[in-house]
Amino acid sequence: MSLLPRVSILWRNLFRKFRLEQDLDDEVRAYVQILTDEKIKAGAARETAQREAMMELGGVEVVKEQVREIRAGNFLDALFQDIRHGLRMFAKNPGFTAVAVLTLALGVGVNSTIFSVVSTMLLRKPPVRDPDRLMMLSSRNPGAAGDEANHSPVSPPDSLDWRAQATAFSGIAAASSFENSDHATLSGGSEPERIPGGQVSANYFQVLGVAPLLGRDFLPGEDQAGQDRVVVLRADLWKRRFGADPRVLGRTVKINGDAYTVVGVMPDSFRKLWLFPEQLWIPLVFTPQQLSPAGRKERSLSVFGRLKPGVSEAEARSELETIARRVAASNPETDKGWGANVMTLQEYAIQESNASTALAFLMAAVGFVLLIACANLANLLLARNSNRQREFAIRTALGAGQFRLARQLLSECLMLGLWGGGLGLLLAVWGLRLLRTAFNWNEWGALIGEQLSIDRNVLLFTLAISAVTALVFGLAPAFQISRRDPNADLKESSRSATVGREHHRLQNLLVSGQLALSLILLVGAGLFVKSFIEETQANPGMNPHNVLTASVPLTGTAYKDPEHQVAFVQNVLRELARLPQVQAGAATSDLPFTFPASVHFAVEGRPVAKPEEQPSAGYFAVSPGYFGVLQIPLRAGREFKSSDNQGAAPVVVVNEAFAQKFFPNENPLGRHISISQENSAESRPTSPRWSEIVGVAGNVDELLGQQTPRPHIFEPFLQRPDPSMNVVVRVGTEPGAFAGPLRKAVWSVDKDQPVTNLRTMDRVLQDAGQGDDLMAELMGAFAGIALLMAAVGIYGLIAYLVGKRTHEIGIRIALGARRREVLALVMRNSMSLVLAGVGIGFLISLGMPRLVEASFEGFHVRSGWILAGTPLTVILVALASCYFPARRASRVDPMQALRQE
């Protein structure tokens, strides 16, 4: 035989011997050594033989390339062979294949659904140019703690000082809401409409890195008084209200009663910035009062900065902190102790969302569901592979190695994972549709719901968990196969054999783990569900039924006069009183359960504290009849009358929490307090305006399930008018059907005033949950899925074990065992692993109440019956799952069992 054929044969033999796990360099040296030995046998010297061998092979790199080609070809051939074999096996067992794919798809689907929320809120970059270079500049409040300390707004003078002195930024821009509101009234052409809007500096869009879709953004100088009558629209508002007409440029629109010229349209990408819901922008013009020394106390601006090339976030933060210390030293009366903070816009959005903790709990919950699904999958694979023991034993006897068999199993698991992941992705699409409709508790939630989608992060996550899940839990059967003796497998496949104890042990461990995870998840879900039930069943302090609410923010120069504000509200209430459906109507500056603004106050006869140390309370300006409309009980004194107007002595009503906190063991009626609005410098007069307490009202919560009521102060609207008013109407019919008449009543007084945010008071309470109901529903759903999957898992295991022991059970019955004894035997063995899993899960779940209370501020729920009842629920479900296979075992016909192979 010539040399080259011998080398080819040696190569193939060597490849089979070393297989794919050998190092490439070792193979090359082996090939060279074989040829060298051939030449030495032919009589050549060793050095000459090595040199000639290398020359014939073409050098080390050539040999390496040849080995790579052989490896790739053999690996692909082997892979395709494994896939073809796996497909044949799945086709022979369609029931197993369907159950395995559906189980994995359910676990992957719920994970992908929740991860899409995580991706939207925590991972997705803002749709601006170079988002990692866009920074949020905030004040650091010395009187706050945690994230709130670093998120304080910036005062106009501070923002101008930062802009003038900072060198780390290519540009610094500022933004603010409209006066007293985050919305502007857009009127003219069609009915007036409240639009989310903002006031921004002229360089705002350049700093953010967003170019206009149509027209231009603001020019330098347009944020100066007299040159600021221009407006930029967002594309969705342009399309909806102006029909996407490009001739909108140059058109005049009315915003809060003043004329503005449209100069540009921003793209829909701004809609993806859920942190910034504005649909129109006008230039930000600072008033002389805002730029005065006292203006440094009025912190209301959001400030953005874009880093210069080569400047890091840490360097910018250090520079801004230095500037803030310098400004504080120059203005100790207003800025003492205040600092500055710099963070990326994405990081700021994450912290502002306050959703990280809730999302972490949801991801942990769906992670448990996935683990339970994978444990079910592993049990299915173990049960399936036990029926293939004889196949594996024969293949091993014919020369297949353990690595070859394990690779076959892992290939099959990977196929299952990809099929389950694909179906799970379809389930996630369906799940997202449901989630979008659930994000409806307020405008902020609706904006997030609009952005939920299957993006690249979700696709990569789904692919990763599908592959990792299949491979990790495919290792259990692969590891078991690799450790089995083929001779023992051939013996176990005989008629009298039963399944080995080691095989039982692994499956029992998986089922116990499923039950433990299900119990932990059920306890966590029970805490959220019970908390939500307690919130909804708690007495809110009023009667919300049959009440319709609407916001009527007064805009325009005519309503800057308090007298005109009072006249408008009185006229609207008179129009409503004429309608036969109306039982009572009133107006209020804030609705209950909407977190009213705070005011500082002083008590007459007590030492006067510094403004920042004065006590505070929630504040409402209400019209006469307000307490009657909402049926808030009056504990003492009287409510407001029409005579409590600006010509009368100032009066207030306080709630019970206020009286108990500030007048313990005293009668508050007849005492006097002086109120100063928290965010208004002009409301802090040099001479106090003392108001007499004339009534004490019952407590009304500010959020569902509130444990400690907050002190509230009520002032007569007639004495302290507010341009941002809400109408509350109690009707004798379905309140939602009264929306049309309410609008007509307002527009009969002034057709240019918008009527927005029409909600029943029941809906106001529901929205106050801020998604608590969604959290409870999701946790409950995931816990139910987990328990169902665990029940299916234990049912499948017991049914499988009973099937394996049919021969043994038949012998027991033939020898005289009673059927109830067989039933008790199977139930006893089954419940032992159930109790083990429940016991482990119960011990771990004891820490769940403290973990949840520590993670969610204000969370408090009595967890005794949850910790006691949840294990019992799991045991009952597991008992039912065990009973049916055990009952079937007790009915085995001994003659058929003895004949069974």
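Thresholds applied
- Sequence order sets the numbering: in each chain, residues are counted from 1 along the sequence as written.
- Local features are withheld for residues below a pLDDT of 70 in this predicted model, meaning they are given only at 70 or higher, and side-chain atom pairs are given and counted only at 80 or more; totals for whole chains, interfaces and linings count all residues.
- With hydrogens and water set aside, each side-chain value is computed from the structure's full complement of heavy atoms.
- The helix and strand labels rest on DSSP assignments: H or I over at least four residues marks a helix, E over at least two residues marks a strand, and numbering proceeds from the N terminus.
- When checking whether two residues touch, look at their non-hydrogen atoms; a contact exists if any pair is within 4.5 Å.
- For the accessible areas, the method is Shrake-Rupley and the probe is 1.4 Å, while residue cover comes only from the protein chains on display.
- Classification of ring pairs rests on two measures: the distance between centres of Phe, Tyr or Trp rings, Trp counted by its six-membered ring, which must be within 6.5 Å, and the angle between planes, read as stacked under 30 degrees, edge-to-face over 60 and tilted in between.
- The classification of residues rests on relative accessible area computed with a 1.4 Å probe and restricted to protein chains. Under 20% of the type maximum is buried, over 50% is exposed, and intermediate values are partly exposed.
- Criterion for a salt bridge: a side-chain nitrogen of Lys or Arg within 4 Å of a carboxyl oxygen of Asp or Glu.
- Within 3.5 Å is the distance limit for a polar contact, defined as a pair of N or O atoms, with the added protein rule that one can donate a hydrogen and the other accept it, and that residues adjacent in sequence qualify only through two side-chain atoms.
- An axis is simply a line fitted to the C-alpha atoms; with a helix, the fit covers only the stretch in contact. Between two such axes, the angle follows the N-to-C directions and lies from 0 to 180 degrees.
- Orientation is classified from the angle alone, with under 35 degrees giving roughly parallel, over 145 giving roughly antiparallel, 65 to 115 giving roughly perpendicular, and any other angle giving oblique.
- The sense of a crossing depends on the near helix, which, turned anticlockwise from the far helix by less than a right angle, makes the crossing left-handed and, turned clockwise, makes it right-handed.
- Polarity classes work like this: nonpolar for Ala, Val, Leu, Ile, Met, Phe, Trp, Tyr, Cys and Pro, charged for Asp, Glu, Lys and Arg, and polar for all others, with Gly in that last group.
- Two strands make a pair as long as DSSP finds a minimum of two bridges between them.
- Remark: nonpolar core denotes a set of buried residues (Ala, Val, Leu, Ile, Met, Phe, Trp, Tyr, Cys) joined through side-chain atoms within 4.5 Å.
- Along the chain, pLDDT gives the predictor's confidence residue by residue, from 0 to 100.
- A residue counts toward a patch only above 30% relative accessible area and without a salt bridge, and it is joined to like-charged neighbours within 9 Å or, for Val, Leu, Ile, Met, Phe, Trp and Tyr, to nonpolar neighbours within 5 Å.

Just give me the short version of the overall build of the protein chain, but keep the residues and values in it.
Regarding its fold elements, the protein chain presents 30 helices and 22 strands. Of the contacts formed within the protein chain by residues at least 6 apart in sequence, a portion of 82% connects residues at least 24 apart. With the model as given, the accessible surface of the protein chain reaches about 41400 Å², and the carbon-plus-sulfur share is 56%.

So what about the packing of aromatic side chains? Which residues, and what values?
Tallied over the entire structure, the rule returns 15 aromatic pairs. Here F620 and F714 contribute two aromatic rings whose centre-to-centre distance is 5.1 Å and whose plane-to-plane angle is 20°, an arrangement assigned as stacked. Note that F620 is positioned in strand β15 (residues 616-622) and F714 in strand β20 (residues 712-716), a separation of 94 residues in sequence. Judged on exposure class, the residue F620 and its partner F714 are both buried. Between F627 and F640, the aromatic rings sit 6.4 Å apart at their centres with planes inclined by 50°, giving tilted as the arrangement. Within this pair, whereas F627 is found in helix α21 (residues 626-629), its partner F640 is found in the loop between β16 (634-637) and β17 (651-655), the two being separated by 13 residues in sequence.

Just give me the short version of the pattern of salt bridges, but keep the residues and values in it.
Under the defined criterion, the tally for this structure stands at 22 salt bridges. Salt-bridge contacts for R247 lead to D245; the nearest nitrogen and oxygen are separated by 3.3 Å. In this structure, the salt-bridge partner of R317 is E313, at a minimum N-O distance of 2.7 Å. Here the residue R317 and the residue E313 both occupy positions in helix α10 (residues 313-330), the gap between them amounting to four residues, near one helical turn.

How would you summarise the side chain of N699 if you had to cite specific residues and measurements?
Residue position: N699 is located in the loop between β19 (690-697) and β20. There is a polar contact of 3.2 Å between the side chain of N699 and the backbone nitrogen of E656. A polar contact is formed between the side chain of N699 and the backbone nitrogen of A657, at a distance of 2.8 Å.

Residues and numbers for the packing of helix α6 (residues 156-165) against α10, please.
Close contact between α6 and α10 brings their axes to 10 Å; oriented N to C, the two are set at 125°. When the interaxial angle is binned, α6 and α10 end up oblique. Judged by the sense of rotation from one axis to the other, the crossing of α6 with α10 is right-handed. Across from D158, D161, W162 and Q165 in α6, the residues of α10 making contact are E319, L320, I323, A324, R326 and V327. When grouped by side-chain class, the residues that make up the contact of α6 with α10 number five nonpolar, one polar and four charged.

For the pairing of strand β10 (residues 302-307), give the residues involved together with the corresponding values.
Counting buried positions along β10 yields five of six residues, so the element is predominantly enclosed. With four bridges joining them, strand β1 (residues 134-140) and β10 adopt antiparallel strand pairing. Bridge pairing in β10 links M135 to G305. By the bridge criterion, six bridges tie strand β2 (residues 169-176) to β10 in an arrangement that is antiparallel. Bridge pairing in β10 links A173 to F304.

For unusual backbone geometry, give the residues involved together with the corresponding values.
One non-glycine residue with positive phi stands out, namely D130, at about 45°. Position of D130 relative to the elements: it lies in the loop between α5 (94-123) and β1. Judged by its relative accessible area of 42%, D130 falls in the partly exposed class. If you check the backbone angles, Q631 has positive phi at about 55° while not being a glycine. For Q631, the position within the fold is in the loop between α21 and β16. Overall, the relative accessible area of 41% leaves Q631 in the partly exposed class.

Got a sec to walk through the pairing of β2? Specific residues and values, please.
Remark: a regular strand shows side chains that alternate across the two faces of the sheet. Burial analysis of β2 places seven of its eight residues in the buried class, the great majority of the element. In terms of strand pairing, β2 meets strand β4 (residues 190-200) through two bridges, oriented antiparallel. When the bridges of β4 are listed, A175 appears paired with V200.

Give me the environment of S551: which residues, what numbers.
Inspection of the secondary structure assignment puts S551 in strand β12 (residues 547-553). Along the sequence, S551 and R194 sit 357 residues apart, while their C-alpha atoms lie 9.7 Å from each other. In contact with S551, other than residues within four places in its own chain, are M725, N726, P754, V755, T756 and N757.

Go over the nonpolar core, please, and point to the residues and values.
Grouped together as the largest cluster of nonpolar side chains are 90 residues, with contacts concentrated most on F782, I794 and V834. The residues contacting F782, other than those within four sequence positions of it, are V110, I114, L362, A365, V366, V369 and L521.

Which residues make up the confidence of the model for the protein chain, and what values go with them?
Chain-level pLDDT for the protein chain is 79 on average; 79% of the residues reach the 70-or-more range. Overall, residues 69-73 carries pLDDT values under 50, and its contacts beyond four positions in sequence, including any with other chains, amount to eight contacts.

Please give an account of helix α12 (residues 345-353) that cites residues and values.
When α12 is considered as a whole, its buried residues turn out to be L345, Q346, Y348, A349, Q351 and S353. At the C-terminal side of α12, N354 shows a positive phi close to 55°.

An account of the side chain of S518 is requested, with residue identities and associated values reported.
Relative to the helices and strands, S518 is located in helix α19 (residues 501-537). Of note is the side chain of S518, whose polar atom sits 3.3 Å from the backbone oxygen of A786. Setting aside residues up to four positions removed in sequence, S518 forms contacts with I372, A786, L787 and A790.

Please set out the packing of helix α20 (residues 562-577) against helix α23 (residues 739-749) residue by residue, giving values where relevant.
Where α20 contacts α23, the two axes come as close as 9 Å, and the packing angle between them is 135°. Comparing their axes, α23 and α20 come out oblique. In this structure, α20 meets α23 at a crossing whose hand is right-handed. Every residue of α23 that contacts α20 at F568, N571, V572, E575 and L576 is listed here: L742, A745, V746, S748 and V749. Here the contact of α20 with α23 is composed, by residue class, of seven nonpolar, two polar and one charged.

Account for the environment of D644, naming residues and giving values.
Tracing the sequence through the fold places D644 in the loop between β16 and β17. Accessibility expressed as a relative area gives 5% for D644, which makes it buried. For the pair D644 and Q719, spaced 75 residues apart in sequence, the C-alpha to C-alpha distance is 6.9 Å. If we ignore the near neighbours within four places in the chain, the residues touching D644 are R638, E639, V651, P716, L718 and Q719. Within polar-contact distance, the side chain of D644 engages the backbone nitrogen of K641 at 2.9 Å.

Break down the environment of E853 for me, with residues and values.
Mapped onto the fold, E853 is located in helix α28 (residues 848-855). Among the residues examined, E853 registers a relative accessible area of 31% and is labelled partly exposed. Between the C-alpha atoms of E853 and L527, which are 326 residues apart in sequence, the distance is 9.8 Å.

Tell me about a nonpolar patch on the surface, residues and numbers included.
A surface patch of nonpolar side chains, amounting to about 500 Å² of accessible area, comprises L87, L414, L418, W419, L463 and L471. Mapped by element, the contributors of at least two residues to the nonpolar patch are α15 (402-438) and α17 (456-483). Sort the elements by how many residues they give to the nonpolar patch and α15 lands first, with three residues. Residue position: L463 is located in helix α17. With relative accessibility at 49%, the residue L463 sits in the partly exposed group.

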